[in-house]
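# Residue-level structure breakdown
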Amino acid sequence: MQEYIVRRILFALLVMWAVATLVFLMMRAIPGDPVRAFVGFEGDPAVVEQVRRNLGLDRPLPVQYLRWLAALGRGDLGNSIWNRQPVTTLLREALPRTLSLALLSFLVAVSLALPAGIVSAVRRYSLADHTLTVAAFLGLAMPDFWVGIVLIIVFSVFLQVLPAFGYEPLSSGLWPWLSHLILPAVATGTSFAAILARMTRSALLEVLREDYVRTARAKGLEERAVILRHALRNALIPVITVMGIALALLLAGAVIAENVFAIRGVGRLLIEAILNRDYPIVQGTILVIAAIFVCMNLVVDLLYAVINPRIRYV
């Protein structure tokens, strides 16, 4: 196990280096001059060149790349071109908002998907199965932003029970924090709930055909014990793979909910940085998102052995 984890960490470092290099090159390949965007297209050419020198953007590309990699090795993601604040400070402010939203969305998705998937599989082709299947397809078909707008109209405008916009940190109290995240979490988690529910149903149906499930039933075990103790545990392995990907996608893709509900998280920070050609913020943000993806994949792989002890790592 330890050897496996070390190998995965080394592989993760390789992936992070590849992502860092790709992001660095792509930001310089896309059209647009960050200095012109900052100074303005009517700015004095002398001022433009002075700002370019101050930012180090007048140096050859390999020199810029090596200097950036060296700073990255020291844990320095650089300063924003626009407000000169350290990227780590901006990420430290934005990341808790995105993490809160993503984790709550994930809880919404899992709490809806697992019961729905189990009921659909156990009561296959029944009215409940057809109803949940239609609900899942509706969840997949409805865009997140549209669900978010409908939730705002219903719960914030008409019922006035939940705030429509903004974010309150957890230090302000549990309910202020939770009340600002319920609507964006439901809007974001609905589509992932639909995917997980269909995945759970499919995986459980496959397991329910296995001989050991029939043997458990033949021994006289209660149906609930057969489903929860024997079938569901084995069916969860592919579901957990999708869960890990879903959580990483929720972390990286919360930009829509953050814009609809005016939450200044990582996604919104990234979009603004791309529009402003703010290289340090874009590079730092994508590196953090890539690190989350890599860590989530490692956690998912390790969870396989927890769910099914027969799995061994070599």
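Structure: above.
A brief structural summary. (Residues numbered from 1 in each chain as written. Predicted model: local features only at pLDDT ≥ 70, side-chain atom pairs only at ≥ 80, totals over all residues. Heavy atoms only, no water.)

## Considering helix H1 (residues 2–29)
Spelled out, the test is: Secondary structure counts use DSSP, requiring at least four H or I residues in a row for a helix and at least two E residues in a row for a strand, with both numbered from the N terminus. Helix span is expected to be 1.5 Å times the residue number reduced by one. A 1.4 Å probe rolled over the protein chains alone gives each residue an accessible area, and that area as a share of the maximum for its type sets the label: buried under 20%, exposed over 50%, partly exposed in between.
Under the 1.5 Å per step criterion, the end-to-end length of H1 is 40 Å for 28 residues, consistent within 8% with the ideal 40 Å. Among the residues of H1, those classed as buried are Tyr-4, Arg-8, Ala-12, Met-16, Ala-20, Thr-21, Val-23, Phe-24 and Met-27.

## What to know about the side chain of Asp-278
Short version of the rule: Charge assignment: positive for Lys and Arg, negative for Asp and Glu; neither His nor the chain ends contribute. Salt-bridge detection follows one rule: a side-chain nitrogen of Lys or Arg within 4 Å of a carboxyl oxygen of Asp or Glu. We call two residues in contact when some of their heavy atoms are within 4.5 Å.
The residue Asp-278 is located in the loop between helix H12 (266–276) and helix H13 (279–307) in this model. For the buried Asp-278, no salt bridge is present, and the opposite-charge side chain at shortest range is Arg-84, 7.0 Å distant. When near neighbours in sequence (up to four residues on either side) are disregarded, Asp-278 contacts Ser-80, Ile-81, Trp-82 and Ala-273.

## Comments concerning the pattern of salt bridges
Within this structure, the stated rule accounts for seven salt bridges. Measuring nitrogen to oxygen at the nearest pair gives 3.0 Å for the salt bridge that ties Arg-201 to Asp-129. With a gap of 72 residues between them, Arg-201 in helix H8 (residues 174–208) and Asp-129 in helix H6 (residues 127–141) connect regions that are remote in the sequence. Assessed through its relative accessible area of 12%, Arg-201 is described here as buried. Classification of Asp-129 by relative accessible area gives buried; the value is 2%. Salt bridges sharing common partners tie together Arg-264, Arg-268 and Glu-272.

## Some words on the nonpolar core
In plain terms, the rule: Definition used in this section: a nonpolar core is a set of buried Ala, Val, Leu, Ile, Met, Phe, Trp, Tyr and Cys residues joined via side-chain atoms within 4.5 Å.
Counting residues in each nonpolar core, the largest one holds 37 residues, and the members touching the most others are Phe-106, Leu-196, Leu-204, Leu-208, Val-213, Ala-231 and Met-243. Among the secondary structure elements, those contributing two or more residues to this core are helix H5 (87–122), H8, helix H9 (211–218), helix H10 (223–252) and H13. Take this core: its biggest share by element is 15 residues, from H10. Core analysis: the next-biggest nonpolar cluster, separate from the first, contains 19 residues, Val-23, Leu-57, Leu-77 and Ile-289 among them.

## Overview of a nonpolar patch on the surface
What counts is decided by this rule: Surface patches are drawn from residues lacking salt bridges whose relative accessible area is over 30%; two like charges belong together within 9 Å, two nonpolar side chains (Val, Leu, Ile, Met, Phe, Trp, Tyr) within 5 Å. Computed by Shrake-Rupley with a 1.4 Å probe, the accessible areas treat only the displayed protein chains as cover when residues are assessed.
Together, Phe-145, Trp-146, Ile-149, Val-150, Ile-153, Val-154, Val-157, Phe-158, Leu-159, Val-161 and Ile-256 make up an exposed nonpolar region whose accessible area comes to about 1,000 Å². Counting residues per element, the nonpolar patch draws most heavily on helix H7 (residues 144–158), which supplies eight residues. As for its position among the elements, Val-154 is in helix H7.

## Quick word on unusual backbone geometry
Although it is not a glycine, Ala-262 sits at a positive phi angle of roughly 55 degrees. Relative to the helices and strands, Ala-262 resides in the loop between helix H11 (255–260) and H12. For Ala-262, a relative accessible area of 34% translates into the label partly exposed. Its identity as a non-glycine residue notwithstanding, Arg-277 has a phi of 55 degrees, on the positive side. Relative to the assigned elements, Arg-277 resides in the loop between H12 and H13.

## A look at the packing of aromatic side chains
Definition in use: Classification of ring pairs rests on two measures: the distance between centres of Phe, Tyr or Trp rings, Trp counted by its six-membered ring, which must be within 6.5 Å, and the angle between planes, read as stacked under 30 degrees, edge-to-face over 60 and tilted in between. We call a charge positioned over a ring when the NZ of a Lys or the CZ of an Arg lies within 6 Å of the ring centre and within 35 degrees of the ring normal.
Inspection of every chain in the model, using the stated rule, returns two aromatic pairs. Between Phe-24 and Trp-68 the ring centres are 5.6 Å apart and the planes differ by 20 degrees, which places this aromatic pair in the stacked class. Separated by 44 residues along the polypeptide, Phe-24 in helix H1 and Trp-68 in helix H4 (residues 61–73) bring together distant segments of the chain. We classify Phe-24 as buried; its relative accessible area is 1%. One aromatic cluster is present, built from ring pairs that chain together Phe-24, Tyr-65 and Trp-68. Between Arg-28 and the ring centre of Phe-24, over which it is positioned, the NZ or CZ distance is 3.8 Å.

## Side note on empty space enclosed by the protein
How we decide: Here a cavity denotes grid points, spaced 1 Å and computed from the protein atoms alone, that fit a 1.4 Å probe unable to get out, and a pocket denotes an open set having protein on both sides within 12 Å along at least 5 of 7 lines; residues with an atom within 4 Å of a point are the lining. Grid points are joined across faces, edges and corners, and a volume is the space filled by probe spheres set on the points. In this classification, the charged set is Asp, Glu, Lys and Arg, the nonpolar set is Ala, Val, Leu, Ile, Met, Phe, Trp, Tyr, Cys and Pro, and all remaining amino acids, among them Gly, are polar.
Here the structure, examined in full by the defined rule, presents two cavities of 30 Å³ or more. Considering only enclosed or pocket space, the largest cavity measures out at about 40 Å³ in volume. Within the residue set of the lining of the largest cavity, elements represented by two or more residues are H5, H6 and H8. A class-by-class count of the residues in the lining of the largest cavity yields four nonpolar, three polar and two charged. Quantified by volume, the second largest cavity comes out at close to 30 Å³.

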